[in-house]
Amino acid sequence: MSDFKSQVSNQKKSGIPQILVIDDEPELIESIEDVLKYEDYEIISASSGEEGLKLYHKHQPVLVILDLKMPKMSGIQFLDRIDLRPLDPLSVIVLTGHGSDDEVEQCFKKGITAFIRKPFNIYEFQGLVRNTISLKKAATEKKRREEIFKLEISRAKELCDLVMEPLLPAMEGVAVSIRYIPAWHIGGDVLEILELDEKRLLLFLADVTGHGVPAAITASTLKTLFQEISETDTDPAAICARLNRTMRRIILPDDIIAAFCSLIDLEFMKITYCLCGVPSPVILRDHEKIRLRPTGYPLGVFEDQVIGSETVPLKDGDVLVAFTDGISEVRSESGKVFGIRGMEETIGKRAGDIRDLTDSIVTEAVLFQKKESFHDDVIILTLRFSDGKKDIPQRPWNRFDAPDKYLLNVKTRYAEIDDLSRYCMKHIAEKFQVSRENIIRLRTAFFEMLFNAIEHGNLEMTDFKNDPDFFGSERYWEIFEDRKISEEYGERRIRIECVRKENRLEISIEDEGKGFHPDVIPDPIHEDHFTKPSGRGIALARMNVDRIFYGDKGSKVTLSMEL
């Protein structure tokens, strides 16, 4: 890639192709320069392989005309040094009067374009040079376009991932688990969950038909528009009607938008929804399955369509499962469709922990189609509701799970440090295939940083901890527990984000405290600080990961480990 960039850079500077001629006979070099003097080329020459190698690295020519028999460094040795590759923006023509069949074979195996024996016909030589450069220019331009296309696709894929990643809520009365599996191509799925206040949640799930960059652009526009509308209107029917009118004017003629929009009211325990083309979500209630009914056509089809809404009461322990057709339209090898019935059969077996339920749906679909990948993007959204009158059946550790990313959003009051650490490490080990040795090291660093985020960040216990007579006392831990369940401190959130970047794992822990500057923490390893209680967690974490870095405020710490 570096040679390609250098070659393009040299072409831009000179404006004409450069040809490097390497031959130990000055007369032949003059002859070649004379033959090509009327062509639009810049000729660079060298009288030895060593000199030619230096000029090659300096100028990165598009063509090398190379003598085979030279003292010290032969033509074959020169070819060994430059190590030609099929997609290199360089061609080599070997020119010699004494090449054996074995040497000819060696040259072609090393990637040369042509082999000419001396003496040669000047017109054939001119034509060969001209055609070689033209073909290489075309190949180089093709490669350049492919690189640009790959970059554009990569950026578009990043856009899709950003569109998919929702604002995870962390509110009392609802636990959320999201599983997102993108297909190999770029899709147009959209998901957003907005926490309107402490008792209301607005959910939007949509699927734009088609694939590729156009679908990604439409999806991004759709999500932005939904966010803007929801600032002033939270009625699902009104939101979908406005989205329908606006999107119909800007989407491609063959595109439609399947959508599910719902307002969840935890105070009055009800869900008001519009279902326009998305497969019917299901509410699990004890052993009953309540399938939500469609209320309108997909968006973008009819400009003035009437979009209705339905309201369904919710009960304590209800589980809502919503999904896109990427999972319901999975097919077996015989062509049988997984369908909503397959979804309902699966969720009927696993109505316990919503995180296990979400994962089991994916597992069943994979077994059904007998392959890991999916033809279309898969989104599975699972929510469990509580009316607050009983013990919460499941901690609201709200999760978003994508192939290379894992997010967890939890309020401090529900952040049981031991349980949360065990859960995160177990999931990370399985998801990213982290070795047992690395997990042991990572668990230590993660636990310390999570404890710091809660103790120093959200609960603001630093001043108490700095008092050596008070720290660790019974009263210290009473204040700790009181703050943890209080409105002021307990409602603050902890956001955990785990991302795999090739062979590196990065885990970020972010609190909502006032922040601090990590440089003010004394080094606990220094003999002057042995008796001080602060800083030991940071030192212990540094010993177990490759790198630790903080955000600007100090309220976000990232652990980095090479796998």
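Draft legend 1. Region of interest: helix α4 (residues 75-82). Where α4 is concerned, the buried positions are G75, I76, F78, L79 and I82. Down the axis of α4, the buried set is contained in an arc of 155°. They therefore lie on one face. Just downstream of α4, D83 is the residue with a positive phi angle, here 50°.

Draft legend 2. Local environment of unusual backbone geometry. Positive phi, normally seen in glycine, also occurs at M269, with a value near 50°. Among the structural elements, M269 can be located in the loop between β9 (257-265) and β10 (270-276). Its identity as a non-glycine residue notwithstanding, Q433 has a phi of 50°, on the positive side. Residue placement: Q433 occurs in the loop between α12 (417-432) and α13 (436-458). In this structure Q433 comes out as exposed when scored by relative accessible area, which is 70%.

Draft legend 3. Molecular detail of the sheet that holds strand β18 (residues 493-501). Spatial strand order, β12-β11-β14-β15-β6-β16-β17-β18-β19-β21-β20: eleven strands in an open sheet with mixed pairing. Across the chains shown, the open sheet's two edge strands, defined by having one partner strand only, are β12 (288-291) and β20 (547-550). Each strand axis lies, on average, 15° off the axis of its neighbour in the sheet, ignoring direction. Note that strand β6 (residues 174-181) and strand β16 (residues 398-402) share three bridges and pair parallel. Following the sheet pairing, R179 is matched in β16 by D401. Strand contacts of helix α11 (residues 354-369): β6, β11 (282-285), β14 (319-323), β15 (378-385) and β16, with the helix running at about 25° to β6, the strand carrying the most contacts. Of the strands in this sheet, β16, β17 (405-411), β18 and β19 (504-510) are in contact with α12, which crosses β17 at around 170°.

Draft legend 4. Examining the packing of aromatic side chains more closely. The final tally for this structure, using the stated rule, is 14 aromatic pairs. Centre to centre, the rings of F260 and Y273 are 6.2 Å apart; their planes meet at 50°, and the pair counts as tilted. Taken together, the residues F260 in strand β9 and Y273 in strand β10 connect sequence positions 13 residues apart. No difference in accessibility class separates F260 from Y273, as the two residues are buried. Measuring from centroid to centroid gives 5.1 Å for Y476 and W477, while their planes differ by 90°, and the two rings are edge-to-face. Members of the aromatic cluster, each reached through a chain of ring pairs, are F447, F451, F464, F470, F471, Y476, W477 and F480. Note that R355 overlies the ring of Y423, its terminal NZ or CZ placed 5.1 Å from the centroid.

Draft legend 5. Geometry of the sheet that holds strand β2 (residues 42-46). Strand order in the open sheet formed by five strands is β2-β1-β3-β4-β5, with parallel pairing between adjacent strands. The sheet is open, and its two borders are formed by β2 and β5 (114-117), each paired with just one other strand. In this sheet, neighbouring strand axes are inclined to one another by 20° on average, regardless of whether the strands run parallel or antiparallel. Judged from the four bridges that link them, strand β4 (residues 91-96) and β5 form a sheet pairing that is parallel. Each bridged residue has a counterpart across the sheet, and for V94 the counterpart in β5 is F115. Most of the contacts of α4 go to strand β3 (residues 63-67), to which it runs at about 145°, and overall it touches β1 (18-22), β3 and β4.

Draft legend 6. Structural context of the pattern of salt bridges. Counted by the stated rule, this structure contains 31 salt bridges. The partner of E455 in a salt bridge is K465, and the shortest N-O contact between them spans 3.2 Å. One end of the pair, E455, is in helix α13; the other, K465, is in helix α14 (residues 462-465), with ten residues separating them in the sequence. Judged on exposure class, the residue E455 and its partner K465 are both buried. Close ionic contact of E506 with K501 constitutes a salt bridge, the shortest N to O distance being 3.4 Å. With a relative accessible area of 39%, K501 lands in the partly exposed category.

Draft legend 7. Expanded view of the side chain of R285. Inspection of the secondary structure puts R285 in strand β11. By relative accessible area, R285 is classed as buried at 13%. Of note is the side chain of R285, whose polar atom sits 2.8 Å from the backbone oxygen of P313. Among the polar contacts made by the side chain of R285, one reaches the side chain of D318 at a distance of 2.7 Å. Non-local contacts of R285, meaning those with residues more than four positions away in its chain, are made with I290, P313, L314, K315 and D318.

Draft legend 8. Broad picture of the pairing of β15. Most of β15 sits out of view: eight of its eight residues are buried. Residues V378, I380, T382 and R384 point to one face of β15 and I379, L381, L383 and F385 to the other, with burial holding for every one of them. One ladder, built from five bridges, connects β14 with β15; its direction is antiparallel. Note on β15: the bridge partner recorded for F323 is I380.

Rules behind the numbers
Residues numbered from 1 in each chain as written. Predicted model: local features only at pLDDT ≥ 70, side-chain atom pairs only at ≥ 80, totals over all residues. Heavy atoms only, no water. Buried < 20%, exposed > 50% of the residue type's maximum accessible area, 1.4 Å probe, protein only. Helix = DSSP H or I, 4+ residues; strand = E, 2+ residues; numbered from the N terminus. Arc of directions from axis to C-beta. Pairing = 2+ DSSP bridges. Axes fitted to C-alpha atoms, helices over the stretch in contact; angles between N-to-C directions. Contact = heavy atoms within 4.5 Å. Phe/Tyr/Trp six-rings, centres within 6.5 Å; stacked < 30°, edge-to-face > 60°. Lys NZ or Arg CZ within 6 Å of the ring centre and 35° of its normal. Salt bridge = Lys/Arg side-chain N within 4 Å of Asp/Glu carboxyl O. Polar contact = N/O pair within 3.5 Å; in protein donor to acceptor, adjacent residues only side chain to side chain.

Any functional reading would require information that these geometric values do not contain.
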